[in-house]
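# A structural walkthrough
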Amino acid sequence: MNYENVDELVRQNEDIRKRLEDAEQVIQAIRSDQVDGFVVEQEGSNKVLLLESAEGPYRILVERMHQGAVAIDSDGRILYCNGRFCEMLRRRTDEVIGAPVHRFLASTSGPLGADSQGEFGLESADGSHTPVHITVNSLQDARAAAYLIVTDLTDHKARQKAEQAAAVLARELEERKRAEAALRASEARLAEADRRKNEFLAVLAHELRNPLGPIRNAVHVLDREPEGPLVAEARGIIERQVTHMARLTDDLLDVSRVAAGRLLLRRKRLDLVQLLSEVVEDYRGTLEAAGLALEFPLPEQPLWVNGDSTRLAQVMGNIIHNASKFTEAGGRVEICASESPDGKSALIAIRDTGMGMDAEALERIFDAFSLGARMGGSGQEGLGVGMALARGLIELHEGSIIAASEGRARGSQFTIRLPLLPEPQPDAITVHAAPALPRSYRILVIEDNPDAADSLQILLRLMGHVVKKAYNGPAGIEVARRFRPEVVLCDIGLPGNMSGYDVAHALRREISPGPAFMVALTGYGQEDDLRKAHEAGFDFHMIKPADPKELEQLLASLPV
Amino acid sequence: MSHKNSESESTRDAREFWDLRLYIAGETPKSNAALANLRGLCETHLSGKYRIEVIDLRQNPELAMADQIIAIPTLVRKLPMPIRKIIGDLSNTDRALVGLQIERRIH
């Protein structure tokens, strides 16, 4: 051996020492199970040989999971992850291994707790976020502190979104369908109302024209034979037809007043049983003439209500009138009054064995213009406003009215319910003063319409009173100073700058002793007018033209 | 095929900068473990002044020649000089630190 070059020898020695060191390290690493691959030379090229470890099958299983699987140490550093997790991150495994797991969670996500689970966002290499569900499971392992199972929720979210969108769409469609149906129904109702209105107008014209024929004939009779024996009959015809027309127009006016809220009730405490008896008596003749049997068991107890006797009588009369009109001879009309089981209401039931109504007619019977509801082509006359008026009046009394029928030709029943008043105090019941003879009063009429003032003066004089009149406010006050009236009837809408309210003020203030009783006369019957009249000092309020009968009753009832 | 991961290039001072090359063989358990351990170790002790280059010998076995790699995983310290080699998955932190001649950071 030639050792001429010592440096070369030292260099070789050093190289051998390093290789030996490497070999020792390799052996040590193999012994301590730290390597699992070797580079070997085969046929002039390098190849990698891998040691199959016992955990191989498990690794395959984990690698093929649909979920991401991640093992982390106590600092949250990724010790191992499967390919699926890297796919979710769109990163290579070697970029992921060793990195802290929180680096891959979207900043909006909360921290990962031990043994917790929840939804997080994974931040991919391209900055996009993937919604995932992560379950964290603690491990009792030397190195790994926990493993995570990561489930991609993208499809799930998309499906959820699609389902939500479908639900919203379905809801919108449903709403639209409903709206369309409502629109169609409302259109149909409008068309029906229009049809009924036209029908009503046709019948109204017919109804108003009908009485004119007999009246014209009667007038002819009176023209030809002003003194003959037919005069009484002709007068009777005219009287009946005019009454019929008046009733028709009154009903129409009342219905429109109720609808407009302009109808005022004159309510007082009254016994409904008493009132019903009177109405039934009025119709007894009509029912008998129509060949109908009447059953009216009178209840023993009075039924006290707060009502307008004229209006309630009108309603009950209307129903009884209908019962007689729509029931054939030989039928029966039953009327009964009772207290409701709870003791809070008075009930009046009017039942007939007549032609009855089908369901459709029942539904519309209380609508104005629902003529034909009970007509059924039988040729019975009627405008159909009677029932609308009845309902309006009963509702003004805080009551209700219902109609029932088991069908055509099976009779009808109307039930009126009104709130009961408590029983009167015993000492109040028996005060039935004997009707006093009509007293004569000094009465002042203040009214700007001369015809109205004059006729009222004549009427009051006929009743036995001393009457003076004035055509405006100042004149009225002047007359009052001298005349000292006990009763003043004063128009509200007076000419000049002194209204009826001003007159009342002045009379109350300036004249002593002033009039005992002041009555306001107005063309309106609004609640507001009532209140103003009361505030001005009026005791009573009458709508023009004052009904003579009502006026007579009022004067007869004065306490002075 | 080799992947260069420049996790920190802020300082390039030769005395202070650690250029490391890790040889692995795909995603074997030891390869994964070595990578995880190395990243943890570097973040703890060499934060901000190291670079790790990962070389997958399964993809490119010929690259084993350059550093005469026999076993996998093997870590090679290219910088600072001299070149040093640590064979194994770096699971023994003390041995890894001694092998790389890294001074333990005192907290």
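Above this note sits the structure.
In what follows, the accompanying structure is described. (Residues numbered from 1 in each chain as written. Chains lettered and ligands numbered in written order. Predicted model: local features only at pLDDT ≥ 70, side-chain atom pairs only at ≥ 80, totals over all residues. Heavy atoms only, no water.)

### Observations regarding the overall build of chain A
For chain A, the helix and strand inventory stands at 17 helices and 19 strands. Out of the 560 residues in chain A, the part that is buried amounts to 38%. At a minimum sequence separation of 6, the contacts of chain A that also span at least 24 residues come to 59%. (Helix = DSSP H or I, 4+ residues; strand = E, 2+ residues; numbered from the N terminus. Buried < 20%, exposed > 50% of the residue type's maximum accessible area, 1.4 Å probe, protein only. Contact = heavy atoms within 4.5 Å.)

### Brief notes about the layout of surface pockets
Residues and elements named next belong to chain A. The volume enclosed by the largest pocket comes to roughly 2000 Å³. Lining the largest pocket are 49 residues, and of these Arg266, Asp308, Thr310, Arg311 and Glu550 lie nearest its centre. Contributions of two or more residues to the lining of the largest pocket are made by helix 7 (231–260), helix 8 (272–289), helix 9 (309–325), helix 16 (527–536), strand 19 (540–543) and helix 17 (548–556). The dominant element in the lining of the largest pocket, judged by the number of residues it contributes, is helix 9, at 7 residues. Grouping the constituent residues of the lining of the largest pocket by class yields 18 nonpolar, 12 polar and 19 charged. (1 Å grid on protein atoms, 1.4 Å probe; cavity = no way out; pocket = protein on both sides within 12 Å on 5 of 7 lines; lining within 4 Å. Points joined across faces, edges and corners; volume = space filled by probe spheres on them. Nonpolar A, V, L, I, M, F, W, Y, C, P; charged D, E, K, R; others polar.)

### Here we look at the interface of chain B and chain A
Chain B puts 38 residues into the contact, and the matching count from chain A is 34 residues. Note on chain B versus chain A: buried area summed over both sides is about 3100 Å², and carbon and sulfur give 51% of it. Summed over the shared surface of chain B and chain A, the result is 2 salt bridges. A salt bridge links Asp22 of chain A to Lys85 of chain B; the nearest nitrogen and oxygen atoms lie 2.9 Å apart. Joining chain B to chain A, the criterion identifies 13 residue pairs in polar contact (both at pLDDT 80 or more). Listing elements by their share of the side of chain B that touches chain A, those giving two or more residues are strand 1 (2–5), helix 1 (29–45), strand 4 (71–72) and strand 6 (84–87) of chain B. No other element matches the 11 residues that helix 1 of chain B contributes to the side of chain B that touches chain A. Per-class residue counts for the side of chain B that touches chain A are 18 nonpolar, 11 polar and 9 charged. As defined by bridge partners, strand 1 (residues 37–42) of chain A adjoins strand 4 of chain B across 2 bridges and the pair is classed as antiparallel. The residue bridging Phe38 of chain A from the neighbouring strand is Ala71 of chain B, located in strand 4 of chain B. (Buried area = accessible area lost by both parts, 1.4 Å probe. Salt bridge = Lys/Arg side-chain N within 4 Å of Asp/Glu carboxyl O. Polar contact = N/O pair within 3.5 Å; in protein donor to acceptor, adjacent residues only side chain to side chain. Pairing = 2+ DSSP bridges.)

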